[in-house]
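Listed below are the residues making up each chain.
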Amino acid sequence: MNFRNFGETGSSVSEIGLGCWQLGGDWGDVDDYTAQKVLEGAVQSGINFYDTADVYGKGRSEELLHKYLKPIAPNAFIATKLGRFPDPGNSENYTFENFRRFTENSLKRLNIDVLDLTQLHCIPTELMESGEAFEWLRELQKEGKIKKFGASVESISEAQTCLKQEGLASLQIIFNIFRQKPITELFDDAKTKGVSLIVRLPLASGLLGGKLNPNVSFPENDHRTFNSDGQCFNVGETFAGIPFNIGLDIVEELTKMIPEGMTLAQMSLRWILDFDAVTVVIPGSKSPLQVPDNASASHLPSLSESLHEKLSIFYDAKIVQHIRGKY
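Residues numbered from 1 in each chain as written. Predicted model: local features only at pLDDT ≥ 70, side-chain atom pairs only at ≥ 80, totals over all residues. Heavy atoms only, no water.

A. Here's a closer look at helix 2 (residues 60–69). Inspection of helix 2 places Ser61, Glu62, Leu64, Leu65, Tyr68 and Leu69 among the buried residues, and these make up the whole buried set. In a view along the axis of helix 2, the buried residues occupy a sector of 160 degrees, so they form one face of it. Looking at the buried residues of helix 2, the elements they touch are helix 1 (32–44), strand 4 (49–51), strand 5 (77–82) and helix 3 (96–110). (Buried < 20%, exposed > 50% of the residue type's maximum accessible area, 1.4 Å probe, protein only. Helix = DSSP H or I, 4+ residues; strand = E, 2+ residues; numbered from the N terminus. Arc of directions from axis to C-beta. Contact = heavy atoms within 4.5 Å.)

B. Layout of unusual backbone geometry. Following Asp87, the chain continues to Pro88 via a peptide bond in cis, the omega torsion being 5 degrees. Residue placement: Pro88 occurs in the loop between strand 5 and helix 3. One non-glycine residue, Lys58, lies in positive phi territory at about 50 degrees. Tracing the backbone through its elements, the reader meets Lys58 in the loop between strand 4 and helix 2. Residue classification places Lys58 among the exposed positions, given a relative accessible area of 60%.

C. Just the environment of Gly284, in detail. Along the chain, Gly284 turns up in the loop between strand 10 (278–281) and helix 12 (290–295). A sequence separation of 126 residues divides Gly284 from Glu158, and the C-alpha atoms of the two residues are 24 Å apart.

D. Representation of the nonpolar core within the structure. Grouped together as the largest cluster of nonpolar side chains are 95 residues, with contacts concentrated most on Tyr50, Phe99, Leu171, Phe178 and Leu254. Residue contributions to this core peak at 7 residues, all from helix 11 (residues 264–273). Apart from the residues lying within four places of it in its own chain, the contact partners of Leu254 are Ile177, Phe178, Leu208, Leu264, Met267, Leu311 and Phe314. (Core = buried A, V, L, I, M, F, W, Y, C linked by side-chain atoms within 4.5 Å.)

As structure tokens, this is what we get:
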């Protein structure tokens, strides 16, 4: 596993991390045994960066990290998020008192004294623009409850708003072969500011894994069922906002570009890692077998300049017109 600096003077983190949304149960049920094996596989693959949120399974994801990760990787870097917990929910969440409560509850579930990183969890744009939520995070930092703070965002404009905030350590963004805008509209600014980029949805909810087909059936409690067209939250969080059947057609064309010795998933992850503005990529996995396959992208050779150019042209010609949701 290769490592990158988290911030200019920050921790060294594995460039492939593990997204832990699925451990909360929003990708279909994940039992404790499977969660344990996924986390053990991640540690064995050299992964030391784990991204979760208080809302994932209403705290279950954080609890599982305490139960199964901390005993075998006590120094793992755990990034969590706050702002979308259902109690009290919606606009009532956005007070300093509730932010402190959410933070203290995450500390209890993870059984630690201070959070490595807490991130605003796709909060309303107007709250980002006012800057008030960042003041709350700075106060929590002064209180010794968090080491660093960042923001998970839906759009480039939200990312640019957050970059204006003093002390911002990271931005979590959607970035993959289906969503290439950050290359030209965010990466240089983030590098100039010394802000780490955490990439979520690198495989577009499994589409860029190359193993889905038109007859696949997802569980009812899998967001790929209940949010396929943005019925419950931003459509961009599911299949990166690409309609599923169109995404399958795009994937079929992408398979013709895979370098010899790689899978589509490995090519997709390697493509992201080839950008030095990226700090860590956080694919999720419900299967312990997927974890080492994803981690292996760290050791693969960079894609050729000609393939990068080809994928850029393909994006402009065949993908961008199908993107839905904030971007």
